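Examination of the molecular architecture
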Amino acid sequence: MSTKTSPTSFISWEEIKPFLDIEKNKDFLENIDSKTLQLILDENSKSHVVESVLKMLKKREPENATQEYAEELAELMKKTALNFLEEKDKQYLKLAVEQARKSVDKGGFPAGAIVVKDGKIISEGISIGYLINDPTSHAETASMREACQKLETSDLTGSTLYASLHPCLMCFSVANWSGISRIVYGCRKTEDMVQKRYYEGVTDVSKVNEENTRKIEIVCIPDYELEMLDLIKVWEDKFLT
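Attention in this report is confined to the structure presented alongside it. Note that the structure is a prediction, hence the values are computed from the model and not measured.

**So, the overall build of the chain**
- When its secondary structure is counted, the chain shows 10 helices and five strands.
- Summarising its shape, the C-alpha atoms of the chain cover approximately 70 × 35 × 30 Å along the three principal directions.
- Taking all 241 residues of the chain together, 47% fall into the buried category.
- A fraction of 63% describes how many contacts in the chain between residues 6 or more apart in sequence connect residues 24 or more apart.
- A total of about 13,100 Å² of accessible surface is found on the chain, and carbon and sulfur atoms cover 50% of it.
- In the chain, the 32 positive side-chain charges and the 41 negative ones have mean positions that sit 2 Å from each other.

Written out as structure tokens, the structure reads:
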């Protein structure tokens, strides 16, 4: 998570204490303030997090108020937050895969996407562009278009795009112009997909991202890759044979 957090941000005892026994407080992470989560994860804020933890320990648990313990607790908080976010990413990615199945059911291409902001699903998208005579209506672009309309903005900063497949160059460009902060996808682009013209070509959007002025965090979680490859085969058998 690359969002910068002000070094003056403060972590309260109520936000620190649950990490002392996270197994009993798993629900806490579902409602943790997004700015606090960003602060915990931001490597540039590590010293500030340790300082906040140490101050709170001195007030609440003075017997444990040592620099070493504060550093251990700050590291535990970061690891716990990372594990939590990874599980949430998988949950949202599964929903994008479900959208891909919905797309096939409606006669569309096997691709699905959702846009999430502040822990809430803003929009969903399926890939039925050739059915509605709109070549831009890929699942990812459709979901971003709907998100902008629902939020009444063209700026989706702070949002994550979850895509069942590796986004094409067009959809990646839309993500860039709409301010999407993260892209999480579940199935990598293959040479076979390119040859079958499911993509515009072999363009590596990660390299394009590196050259762009604004960088998007791009994450591949291949947990559903085989499921997506199977779905593509089902679509091919149903519509291309």
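There's plenty left to go through after this.
**Thoughts on the pattern of salt bridges**
- Per the counting criterion, the structure on display carries 15 salt bridges.
- The partner of Asp21 in a salt bridge is Lys24, and the shortest N-O contact between them spans 3.8 Å.
- In this structure, the salt-bridge partner of Glu30 is Lys88, at a minimum N-O distance of 3.3 Å. Here Glu30 is found in helix 2 (residues 26–30), whereas its partner Lys88 is found in helix 5 (residues 67–105), with 58 residues between them in sequence.
- Ionic contacts of the salt-bridge type, sharing partners, join the residues Glu86, Glu87, Lys90 and Asp223 into one network.

**What to know about the nonpolar core**
- Ranked by size, the top nonpolar core spans 41 residues in total, and within it Tyr162, Leu165 and Ile180 carry the most contacts.
- Only helix 5, strand 1 (109–117), helix 6 (139–151), strand 3 (159–163), helix 7 (169–178), strand 4 (182–185), helix 8 (191–195) and helix 10 (225–239) provide two or more residues apiece to this core.
- Filtering out sequence-adjacent residues up to four positions away, Leu165 remains in contact with Phe109, Pro110, Ala111, Glu140, Tyr185, Cys187, Tyr199, Met228 and Ile232.

**Structural notes on helix 3 (residues 34–41)**
- Summarising burial for helix 3: six of the eight residues are buried, a large majority.
- Within helix 3, the full set of buried residues consists of Thr36, Leu37, Gln38, Leu39, Ile40 and Leu41.
- Elements that come into contact with the buried residues of helix 3 comprise helix 1 (13–16), helix 4 (46–60) and helix 5.

**Re the environment of Val202**
- Looking at where Val202 falls in the secondary structure, it is placed in the loop between helix 8 and helix 9 (205–211).
- Taking the C-alpha atoms as reference, Val202 lies 8.8 Å from Thr190; in sequence the two are 12 residues apart.
- Apart from the residues lying within four places of it in its own chain, the contact partners of Val202 are Lys189 and Val194.

**Things to note about the packing of aromatic side chains**
- The final tally for this structure, using the stated rule, is five aromatic pairs.
- Both rings, one in Phe19 and one in Phe28, keep their centres 5.6 Å apart while their planes meet at 85°; by these two values the pair is edge-to-face.
- What makes Phe19 buried here is its relative accessible area of 1%.
- With relative accessibility at 18%, the residue Phe28 sits in the buried group.
- Pairing Tyr92 with Tyr162 gives two aromatic rings, centres 5.2 Å apart and planes at 45°, and the pair type is tilted. Note that Tyr92 is positioned in helix 5 and Tyr162 in strand 3, a separation of 70 residues in sequence. Each member of the pair, Tyr92 together with Tyr162, is buried.
- Chaining the aromatic ring pairs together yields one cluster made of Phe109, Tyr198 and Trp235.

**Looking at the sheet that holds strand 4**
- The five strands are arranged 2-1-3-4-5 in an open sheet whose pairing can be described as mixed. Edge positions in the sheet fall to strand 2 (120–127) and strand 5 (217–220), since each of these pairs with one other strand and no more. Recorded for the sheet is a direction-independent mean angle of 15° between the axes of neighbouring strands.
- Strands in contact with helix 5 are strand 1, strand 2, strand 3 and strand 4; relative to strand 1, the strand with the most contacts, it is inclined by about 140°.

**Observations concerning the side chain of Thr160**
- As for its position among the elements, Thr160 is in strand 3.
- Accessibility expressed as a relative area gives 8% for Thr160, which makes it buried.
- Dropping the residues within four chain positions of it, Thr160 is found in contact with Ile114, Val115, Val116, Arg182 and Val184.

**Focus on the packing of helix 3 against helix 5**
- Contact geometry of helix 3 with helix 5 gives a least axis separation of 9 Å together with a crossing angle of 120°. In terms of orientation, helix 3 and helix 5 fall into the oblique class. The crossing of helix 3 and helix 5 is left-handed. Contacts from Leu37, Ile40 and Leu41 in helix 3 reach Met77, Lys78, Ala81, Leu82, Phe84 and Leu85 in helix 5.
- A class-by-class count of the residues in the contact of helix 3 with helix 5 yields eight nonpolar, no polar and one charged.

Conventions adopted
- Residues numbered from 1 in each chain as written.
- Predicted model: local features only at pLDDT ≥ 70, side-chain atom pairs only at ≥ 80, totals over all residues.
- Heavy atoms only, no water.
- Helix = DSSP H or I, 4+ residues; strand = E, 2+ residues; numbered from the N terminus.
- Buried < 20%, exposed > 50% of the residue type's maximum accessible area, 1.4 Å probe, protein only.
- Contact = heavy atoms within 4.5 Å.
- Areas by Shrake-Rupley, 256 points an atom, 1.4 Å probe, with all protein chains shown as cover.
- Lys, Arg positive; Asp, Glu negative; His and termini not counted.
- Charge placed at Lys NZ, Arg CZ, Asp CG, Glu CD.
- Salt bridge = Lys/Arg side-chain N within 4 Å of Asp/Glu carboxyl O.
- Core = buried A, V, L, I, M, F, W, Y, C linked by side-chain atoms within 4.5 Å.
- Phe/Tyr/Trp six-rings, centres within 6.5 Å; stacked < 30°, edge-to-face > 60°.
- Pairing = 2+ DSSP bridges.
- Axes fitted to C-alpha atoms, helices over the stretch in contact; angles between N-to-C directions.
- Parallel < 35°, antiparallel > 145°, perpendicular 65-115°, else oblique.
- Left-handed = near helix turned anticlockwise from the far one by under 90°.
- Nonpolar A, V, L, I, M, F, W, Y, C, P; charged D, E, K, R; others polar.

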